[in-house]
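# Chain and residue survey
Below, each chain spelled out in residue letters.
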Amino acid sequence: MTEPATVEATAQLQLRYELSARTADAYAAAGFVAVVQDVILAEDVKPYMASLLTTQKYLLVLAPRTDVVQERERLRNKTGYGENWTVDSLAPYLWRDTPRIGLWLDTSEQTPDDTMAELLARLPDARID
């Protein structure tokens, strides 16, 4: 089980979300398509999406199987997880606690090109109103 986040860690996370939303909105206001890549789980998803001011919002959730995430992590040159935040400990936040909005893709058997092709083919499914 993961340890509870400290007050400071939670404040930093919320600031990260706020800054990424404001940056995406600034790019959108200037006529660009903004893509925000982050890990936003559970009760943070809906408030984050609501914080975006742009009218066209899309949410893509890349959701490969846990065993695939573990193998990908093993093959990486850097570490995305730690002693207290493991693939297994974070999985319930995605699978049990994250609202099923936007487009969820099981990318377990996909290459990055496959994922992009499916996203483009199913883009309307990712739209958040």
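Each chain has its residues counted from 1, running along the sequence as written. For a predicted model such as this one, the threshold for reporting local features is a pLDDT of at least 70, and the threshold for listing and counting side-chain atom pairs is 80 or more; totals across whole chains, interfaces and linings nevertheless cover every residue. Hydrogens and water are ignored here; the side-chain numbers use all heavy atoms of the structure.

This part covers the pattern of salt bridges. In the sections that follow, a salt bridge refers to a side-chain nitrogen of Lys or Arg positioned within 4 Å of a carboxyl oxygen of Asp or Glu. Counted according to the given criterion, the structure contains 10 salt bridges. With its nearest N and O atoms 3.1 Å apart, the salt bridge here joins Arg65 to Glu109. Of this pair, Arg65 sits in the loop between strand S2 (60-62) and helix H3 (66-75) while Glu109 sits in the loop between strand S3 (103-105) and helix H5 (112-121), and the two are 44 residues apart along the sequence. Each residue gets one of three labels from its accessible area relative to the maximum for its type: buried under 20%, exposed over 50%, partly exposed in between, using a 1.4 Å probe on protein chains only. Since its relative accessible area comes to 64%, Glu109 is described here as exposed. Here Glu73 and Arg76 are joined by a salt bridge, their closest N and O atoms 3.2 Å apart. One network of salt bridges, in which partners are shared, links Arg65, Asp67 and Glu109. Starting at the N terminus, helices and strands are each numbered in turn, a helix being any DSSP run of H or I of at least four residues and a strand any DSSP run of E of at least two.

Moving on, we come to the packing of aromatic side chains. Stacked, tilted and edge-to-face pairs are distinguished by plane angle, under 30 degrees for stacked and over 60 for edge-to-face with tilted covering the rest, among Phe, Tyr and Trp rings (Trp via its six-membered ring) whose centres lie within 6.5 Å. A complete count under the given rule lists 3 aromatic pairs for this structure. With a centroid separation of 5.9 Å and 70° between ring planes, the pair formed by Tyr17 and Tyr48 is classed as edge-to-face. Here the residue Tyr17 occupies a position in helix H1 (residues 7-29), and Tyr48 occupies one in helix H2 (residues 45-51), the gap between them amounting to 31 residues. An identical accessibility class is assigned to Tyr17 and Tyr48; each is buried. Ring centres 6.0 Å apart and planes at 55° place the aromatic pair Trp95 and Trp104 in the tilted group. Look at Trp95 and you get partly exposed, because its relative accessible area is 37%. On the accessibility criterion, Trp104 (17% relative accessible area) is buried. Criterion for a charge above a ring: Lys NZ or Arg CZ within 6 Å of the ring centre, and within 35 degrees of the ring normal. Sitting over the face of the ring of Trp104, Arg100 holds its NZ or CZ atom 4.0 Å from the ring centroid.

By themselves, these observations are geometric and do not establish any function.
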